[in-house]
Amino acid sequence: MALLTHFLACTFGMGSWVAINGLWVELPLLVTVLPEQWDLPSYITIIIQMANVGPLFITFMHRFRPGLLKEEAVIYVVVSVGALACLLLAFLWNYTSSIAGAPHSTAFLLLTFFLALVDCTSSVTFLPFMMQLQPQFLNSFFIGEGLSGLIPALIALAQGSGITTCDNTTRLVNVTIGNETVESTISQMETHYLPANFSTLVFFLLMTVMMLACLLAFFFLDRQPKEWELSQQQLFPSNIMLSSITQTSSEEGGSRLSGGCPCPRDAKGLRSIVPEQVSYSLAKLTFIYLLVAWVSALTNGVLPSVQSYSCLPYGNTAYHLATTLSSMANPLACIVAMFLPGRSLALLGTLTMLGTGFGAYNMAIAAMSPCPLLQQSQWGDVTIVLSWVLFTGTLSYVKAMAGVILRSCSRNELVWYGAMEQLGSLLGALLMFPLVNIYNLFTSADYCSLQCPA
């Protein structure tokens, strides 16, 4: 029975971010069809940030109208909406309409908002529900969260989305010389998109199946016996619990931000699931929060907005590999953080600078688009893919370890962690959207017909 519960917890956690992760790894195919083309990642980035109205609404309702929202009902609605949005996306993803005289993929962008709303809201509903179960099932839930990025990436690799070849084509054109019109033959390189192993319809239907599996897993988890007292003693208190979880007393809340980071007063049983309790000064806490905000701005706002500009000049194959392998790097980095934790702030600062360096390279390549460094060399393809994987992996490890450090402190530190993560992501998205879509600082071009200096 315990093994089955572990499997259900893993499947439940898998539904947390699987839909949005699926969109990111499918982008190499989507940008070739939808009218936004290379600007599509920046649209998705800003839509995800707009979807944070979901968790804000849940938090405010819990704060000002406690008891009104029932946690289980909210999760049923959230996951059902996610499954329905994935299903509609499978059939409507390429539907376009004219807005301000220009075609836009209205159905795709609207459904993306609902998927982002579901995934963002899951961040403040799934974990409080898991706190009702026995603590040993929490690790299975986190493994499922990691799989929400890994499985869509593996499906995208199997799909082979966005693979292209350059074909030399000839055609007849009419050329007027003086009063005479003659036919002339011209040849040029054109991009030819190879058919994927299965369609976008099938991909989004697979995402729908994964969301339905999450819903079914929650149905059975909801019928598991609840361990109220055990869960509240052995898990850190949460500032965003819904009404079904009794609030801890103010004495268990730990100190405020200005008073450092002492541990909860009742630490009995806590040591079995979190690292040794450590206190941190205000300066060290501020350093950790700045790291979280900076890393979140880069990974969730700034660099995703220009990933197409940094990768597509090297071809769709490089873009395809960069998106899928970097999506795999995220859960793998979290697994590494689980088995090889590094709590040294000097180490985290060094890794942040290293990851920022990879991000700076990616941004520089995007700024050089459509004629970046090493474009005509296979080393350029290898370098940009490797840079994206290392960028995502190193900074994901930093975020994971920052969460581990702060999890051993009071609930206020965790709340500030989430706030700084969302603030950094929002600022990064707001900075890049006008640069990409209004000021057009980045240039796109057809890969096969580029005329770049050797």
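Per chain, residue numbering runs from 1 following the sequence as it is written. Local features in this predicted model are restricted to residues whose pLDDT is 70 or higher, and side-chain atom pairs enter the listing and the counts only when it is 80 or higher, whereas totals over whole chains, interfaces and linings include all residues. Based on all heavy atoms of the structure, the side-chain values leave hydrogens and waters out of the count.

Caption draft 1: A look at the confidence of the model for the chain. Confidence of the prediction at every residue is given by pLDDT, a number between 0 and 100. Of all residues in the chain, 85% have pLDDT values of 70 or greater, and the mean over the chain is 81. Secondary structure elements are defined from DSSP: runs of H or I of at least 4 residues count as helices, runs of E of at least 2 residues count as strands, and each element is numbered from the N terminus. Least confident of the elements in the chain is helix H10 (residues 228–234), whose mean pLDDT is 42; most confident is helix H14 (residues 345–368), at 96. What makes two residues a contact is simply this: any of their non-hydrogen atoms within 4.5 Å. Across residues 228–276 the pLDDT falls below 50, and counting only partners more than four positions away or on other chains, this stretch makes 109 contacts in the model.

Caption draft 2: Local environment of the nonpolar core. Residues belong to a common nonpolar core when they are buried Ala, Val, Leu, Ile, Met, Phe, Trp, Tyr or Cys residues joined through side-chain atoms within 4.5 Å. Categorising residues by exposure relies on relative accessible area from a 1.4 Å probe, with only protein chains included: less than 20% of the type maximum marks a residue as buried, more than 50% marks it as exposed, and the intermediate range marks it as partly exposed. Among the nonpolar cores identified, the biggest contains 108 residues, and Phe12, Leu40, Phe108 and Met130 are the most heavily contacted of them. A total of 12 residues in this core trace back to one element, the largest contributor, which is helix H15 (residues 378–407). Discounting chain neighbours no more than four positions away, the residues touching phenylalanine 12 are Ile75, Phe126, Phe129, Met130, Phe141, Cys214, Ala217, Phe218 and Leu221.

Caption draft 3: Geometry of the pattern of salt bridges. Each salt bridge in this description consists of a side-chain nitrogen of Lys or Arg and a carboxyl oxygen of Asp or Glu lying within 4 Å of one another. Evaluation of the coordinates by the stated rule reveals 1 salt bridge. Linking glutamate 421 and lysine 399 is a salt bridge whose minimum nitrogen-to-oxygen distance equals 3.7 Å. Taken together, the residues glutamate 421 in helix H16 (residues 411–437) and lysine 399 in helix H15 connect sequence positions 22 residues apart. By the burial criterion, glutamate 421 is buried, and lysine 399 matches it.

Caption draft 4: Representation of the packing of aromatic side chains within the structure. Pairing of aromatic rings covers Phe, Tyr and Trp, the last through its six-membered ring, and needs centres within 6.5 Å; plane angles under 30 degrees mean stacked, over 60 mean edge-to-face, and all others mean tilted. With the rule as written, the count across this model stands at 14 aromatic pairs. Summarising the aromatic geometry, the rings of phenylalanine 12 and phenylalanine 141 are spaced 5.9 Å apart at their centres and angled 45° between planes, so their arrangement reads as tilted. Of this pair, phenylalanine 12 sits in helix H1 (residues 2–14) while phenylalanine 141 sits in helix H8 (residues 138–159), and the two are 129 residues apart along the sequence. Note on accessibility: phenylalanine 12 and phenylalanine 141 belong to one class, buried. Pairing phenylalanine 12 with phenylalanine 218 gives two aromatic rings, centres 5.5 Å apart and planes at 25°, and the pair type is stacked. A residue pair is termed long-range when its members are at least 10 positions apart, and phenylalanine 12 in helix H1 and phenylalanine 218 in helix H9 (residues 200–221) qualify at 206 residues. Definition used: whenever NZ (Lys) or CZ (Arg) falls within 6 Å of the ring centre and also within 35 degrees of the ring normal, the charge is taken to sit over that ring. Stacked on the ring of phenylalanine 219, the Lys or Arg arginine 223 has its end atom at 3.8 Å from the ring centre.

Caption draft 5: Fine view of a nonpolar patch on the surface. On the surface, a nonpolar cluster with roughly 820 Å² of combined accessible area is contributed by Leu84, Leu87, Leu88, Phe91, Leu92, Tyr95, Leu201, Val202, Leu205 and Leu206. No other element matches the 5 residues that helix H5 (residues 71–92) contributes to the nonpolar patch. Topologically, leucine 206 is positioned in helix H9. By relative accessible area, which is 33% here, leucine 206 ends up partly exposed. Surface patches are defined over residues having more than 30% relative accessible area and no salt bridge, joining like charges when they lie within 9 Å and nonpolar side chains (Val, Leu, Ile, Met, Phe, Trp, Tyr) when within 5 Å. Values of accessible area rely on a 1.4 Å probe in the Shrake-Rupley scheme; residue burial ignores everything except the protein chains shown.

Caption draft 6: Quick peek at H15. Here H15 is 30 residues long and its end C-alpha atoms lie 44 Å apart, about the 44 Å a rise of 1.5 Å per residue gives. Polar contact criterion, stated in full: a pair of N or O atoms within 3.5 Å, where within protein one must be able to donate a hydrogen and the other to accept it, and residues adjacent in sequence count only if both atoms are side-chain atoms. The opening residue of H15 is serine 377, an N-cap whose side-chain oxygen sits 3.0 Å from the backbone nitrogen of tryptophan 379. Multiplying 1.5 Å by the residue count of a helix minus one yields the expected span of that helix.

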